[in-house]
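These are the residues of each chain, in order.
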Amino acid sequence: MSILKCVNLSKNYGRHAALSSLDLELPEGKIVGLLGPNGSGKTTLIKLIAGLLTPTCGQLLVCGQPVSVATNSLISYLPERTYLNDWMTVIDILLFFNSFYDDFDMKKATDMLTSLGIKPHDKLKAMSKGTKEKLQLILVMSRKARLYLLDEPIGGVDPAARDYILSTIISSYADNATVLISTHLIGDVEKILDQVIFLQNGVIKLNSDVDTIREEHGKSVDSLFREVFRC
Amino acid sequence: MPWKFDDSRPVYLQIMDEVKQRVLTGVYKPGDKLPSVRELALEAAVNPNTMQKALSTLESENFIHSERTSGRFVTDDMTLITALRKEQAESIADEMLSRLKATGMQNDEILMLIKAKLGE
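Scope of this entry: the structure provided in the associated data block. (Residues numbered from 1 in each chain as written. Chains lettered and ligands numbered in written order. Predicted model: local features only at pLDDT ≥ 70, side-chain atom pairs only at ≥ 80, totals over all residues. Heavy atoms only, no water.)

1. Let's talk about the sheet that holds strand S3 (residues 31-35) of chain A
Residue and element names in this part refer to chain A. Taken together, six strands build an open sheet; the order of strands is S6-S7-S8-S3-S9-S10 and the sheet is mixed. Edge positions in the sheet fall to strand S6 (75-78) and strand S10 (203-209), since each has one partner strand and no second. On average, adjacent strands in this sheet sit at an angle of 15° to one another, irrespective of strand direction. Pairing analysis gives four bridges linking S3 to strand S9 (residues 195-200), with the strands arranged parallel. (Pairing = 2+ DSSP bridges. Helix = DSSP H or I, 4+ residues; strand = E, 2+ residues; numbered from the N terminus. Axes fitted to C-alpha atoms, helices over the stretch in contact; angles between N-to-C directions.)

2. A look at the side chain of Asp194 of chain A
Tracing the chain through its elements places Asp194 of chain A in the loop between helix H7 (186-189) and S9. Although buried, Asp194 of chain A forms no salt bridge, and the nearest oppositely charged side chain, Lys30 of chain A, lies 4.7 Å from it. Every residue in contact with Asp194 of chain A, bar those within four places of it in the chain, is listed here: Gly29, Lys30, Ile31, Asp209 and Val210 of chain A together with Asn47 and Asn49 of chain B. (Buried < 20%, exposed > 50% of the residue type's maximum accessible area, 1.4 Å probe, protein only. Lys, Arg positive; Asp, Glu negative; His and termini not counted. Salt bridge = Lys/Arg side-chain N within 4 Å of Asp/Glu carboxyl O. Contact = heavy atoms within 4.5 Å.)

3. Some thoughts on helix H2 (residues 37-44) of chain B
Residue and element names in this part refer to chain B. When we look at burial in H2, the residues that qualify are Val37, Leu40, Ala41 and Ala44. All buried residues of H2 project into a common sector of 100° when viewed along the axis, lining one side. The positive-phi residue at the C-terminal boundary of H2 is Ala45, with phi of around 60°. (Arc of directions from axis to C-beta.)

4. A few points about the packing of aromatic side chains
Residue and element names in this part refer to chain A. Counted under the stated rule, the structure contains eight aromatic pairs over all chains. Aromatic pair Phe96 and Phe100: ring centres 5.8 Å apart, planes at 45°, arrangement tilted. Residue Phe96 and its partner Phe100 are located together in helix H3 (residues 90-100), separated by four residues, close to a single helical turn. With relative accessibility at 35%, the residue Phe96 sits in the partly exposed group. Plain terms: the ring middles of Phe198 and Phe225 are 5.3 Å apart, the flat faces sit at 80° to each other, and that makes the pair edge-to-face. Placement of the pair is Phe198 in strand S9 and Phe225 in helix H9 (residues 221-228), with a sequence separation of 27 residues. Each member of the pair, Phe198 as well as Phe225, is classed as buried. (Phe/Tyr/Trp six-rings, centres within 6.5 Å; stacked < 30°, edge-to-face > 60°.)

5. A look at the environment of Asp103 of chain A
Residue and element names in this part refer to chain A. You can see Asp103 is positioned in the loop between H3 and helix H4 (106-115). Note: C-alpha distance between Asp103 and Val228 (125 residues apart in sequence) is 40 Å. Other than its neighbours up to four places away in sequence, Asp103 contacts Ser73, Ser142, Arg143, Lys144 and Ala145.

6. Some points on the packing of helix H1 (residues 11-24) of chain B against helix H4 (residues 78-102) of chain B
Relative placement of two packed helices is described by the angle separating their axes and the distance separating the axes. Residue and element names in this part refer to chain B. Contact geometry of H1 with H4 gives a least axis separation of 10 Å together with a crossing angle of 110°. Comparing the axis directions of H1 and H4 gives the class roughly perpendicular. Residues Lys20, Gln21, Val23 and Leu24 of H1 lie in contact with H4, whose contacting residues are Ile81, Leu84, Arg85 and Gln88. For the contact of H1 with H4, a count of residues per class yields four nonpolar, two polar and two charged. (Parallel < 35°, antiparallel > 145°, perpendicular 65-115°, else oblique. Nonpolar A, V, L, I, M, F, W, Y, C, P; charged D, E, K, R; others polar.)

The following block contains the structure:
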């Protein structure tokens, strides 16, 4: 069964078309990169899937069901900007997630945080940007979801933190789940991706296996991206 | 330490090379059990599907074999390992020779040079 299916999906903001007649199907068990320049529609697509925006027209199915409260329980979403409050401590946030999501694995989250030296009474306010991002990724990946939507999970963190985040993604997702990652930092995520989607002005420019790109073009996804989107 | 990959070739082919290299250098010994796909994927910092593809391809080359419940094992077929070693050595020798010739050296000079190096 496909985890995500978009048929003729469009989203307009006023007269501006952010996504135009998008057709896309993602199977289970894949890590998929959603790549494209600024303003290409990546975040719009993710927000549509997460049910935060309504499509102008077209169909959007998650595990065969139209986007709704029911599909939200199948989706674990890491937004570009945090929705957690600064005054919260780690334990506040853990309890918040635990009461909010049935599929939240408290032990897994606690173990990962402990291994990073993040303590239960640490306040969000006192954390560095890198630590905050790691914390939020751990929360999102500690749910047993079918579809993980990660909007720029490694933006603004140092290379060592990026490696940590990528290995957390690899080790956390189950075989029946799919991960959709939007990012600009292609070189860093490339080796964990199965498939990439290039978006440009709300249209899919390329949808291909990473291995196929390397075989056909003899170059990395990063180099191909620079070529396709040369300014 | 994530494994190093270059940009020009599919990652699964590069993983296959790395596993073969590890067998040649004795990191994995003939007949050894390999770590699980997930462990290897984490170590290499690659997608588990990519690691799976690399291992399945090695399996189709009979370089490793899987036993239904107990995991994947490196071949203990020494002729296969010897053949791989020979193949690799030949391609290194070809490359070395073409680079030596590019310096303008003649065959007898190259031979003397190599003998001298081996005698060291």
